[in-house]
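Breakdown of the fold
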Amino acid sequence: MESKIVIFESNKLDGKMSKNPKFYPDKVTEEERYKQFRKDRLRLGEKLGVDGNHIFRARQKGLSSVEYPDGKYILLNEKHMTKEDYYWEDLPADILIISKDYPRIIVGNPQADCPVIICEDRKKGYTALSHCGAPYINRKLPIDTIKALIDCCDSNLNDIYVYVGSSVKKESYVYDKYPKWATNKEVWESFITEINNEYYIDLPGAIEKQLKEIGITHIEISPINTATDPNYYSHVEEVKGRQKDGGQNFVGFYYK
């Protein structure tokens with residue numbers, strides 16, 4: 001089946017895609033940061049041929065002071081589209097879903113190493129997106145994302161096509177001790193490997209395992225390593241002091 005969505009990834013060439021003060025000089029005011037962030041989003045929209053005001057992203061727990069049940073999803077519709085700038089719609093959830101009835105509306109999420117997954121039901125015309133950082137993979141968010149589609153529109157697993165976005169790869173994601181967030185041993189078996197007292201972490205591999213376990217067979221994994229590709233922002237490289245001009249990439253999709 002042919003895809004009905006356009007998947008995209010922004011990078012350094014598209015701006016910082018963030019209002020976080022740590023990515024700006026100290027002298028830059030909050031108002032100036034907000035203006036620049038919106039300018040980046042509008043420019044990205046222009047590049048994609050859509051309205052940069054029409055971008056949704058979830059407010060995910062662990063990254064903000066919000067609580068909700070694991071795997072919560074929101075099906076986007078007209079009631080979420082009343083603001084001039086959709087980005088400020090408050091959407092506390094792990095997963096956002098939109099249907100083909102809303103073309104040219106972007107659903108996405110910022111990232112700087114953690115994979116974003118996009119799960120398209122090509123028959124029913126619904127697509128789900130979630131940001132799958134390591135702690136979220138640990139609690140099986142990839143599986144919850146597929147379950148959300150099944151619950152939302154009674155998806156058949158054979159009709160779901162999954163894109164796993166750019167991320168830090170195993171050879172670049174290294175801890176000097178076993179990570180505290182890796183509490184689910186089943187999830188990380190074979191995907192956290194100890195070599196000479198260092199722990200190499202395979203995020204895309206752990207995601208792919210979960211997707212296959214639930215029955216997904218159509219899986220595409222981006223080959224881009226955000227830690228080694230100079231065009232992409234990387235939190236890993238920032239922490240190591242090898243990336244001075246910080247920011248975030250934005251991964252998303254919209255219906256044609």
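Refer to the preceding data block for the structure.
Summary of the structure given here. (Residues numbered from 1 in each chain as written. Predicted model: local features only at pLDDT ≥ 70, side-chain atom pairs only at ≥ 80, totals over all residues. Heavy atoms only, no water.)

Attention shifts here to the environment of Pro115. With respect to the helices, strands and loops of the structure, Pro115 is situated in the loop between β5 (106-111) and β6 (116-121). On the basis of relative accessibility, which here comes to 0%, the residue Pro115 falls in the buried class. C-alpha of Pro115 to C-alpha of Lys244: the two residues are 129 residues apart in sequence and 22 Å apart in space. (Helix = DSSP H or I, 4+ residues; strand = E, 2+ residues; numbered from the N terminus. Buried < 20%, exposed > 50% of the residue type's maximum accessible area, 1.4 Å probe, protein only.)

Within a sheet, each strand pairs with its neighbour through backbone hydrogen bonds, oriented either parallel or antiparallel. Pairing within the open sheet is antiparallel, and its 3 strands lie in the order β9-β11-β10. Only two strands of the sheet have a single partner each, and these edge strands are β9 (174-175) and β10 (192-195). Sheet analysis places β9 next to strand β11 (residues 198-201), joined by 2 bridges and oriented antiparallel. Its bridge partner lying in β11, Val174 is registered against Tyr200. (Pairing = 2+ DSSP bridges.)

This part is about the pattern of salt bridges. Counting across every chain of the model gives 17 salt bridges. In this structure, the salt-bridge partner of Asp245 is Lys16, at a minimum N-O distance of 2.6 Å. Of this pair, Asp245 sits in the loop between α6 (235-239) and β13 (249-255) while Lys16 sits in the loop between β1 (5-9) and α1 (30-48), and the two are 229 residues apart along the sequence. We note a salt bridge from Glu84 to Arg38, for which the minimum N-O separation is 3.4 Å. Remark: Arg38 occurs in helix α1 and Glu84 occurs in the loop between β3 (73-75) and β4 (95-99); sequence separation between them is 46 residues. Look at Glu84 and you get exposed, because its relative accessible area is 61%. Its relative accessible area of 27% is what places Arg38 among the partly exposed residues. Through salt bridges with shared partners, one network takes in Arg38, Arg41, Glu84 and Asp85. (Salt bridge = Lys/Arg side-chain N within 4 Å of Asp/Glu carboxyl O.)

Function-wise, these values are silent; they only describe arrangement.
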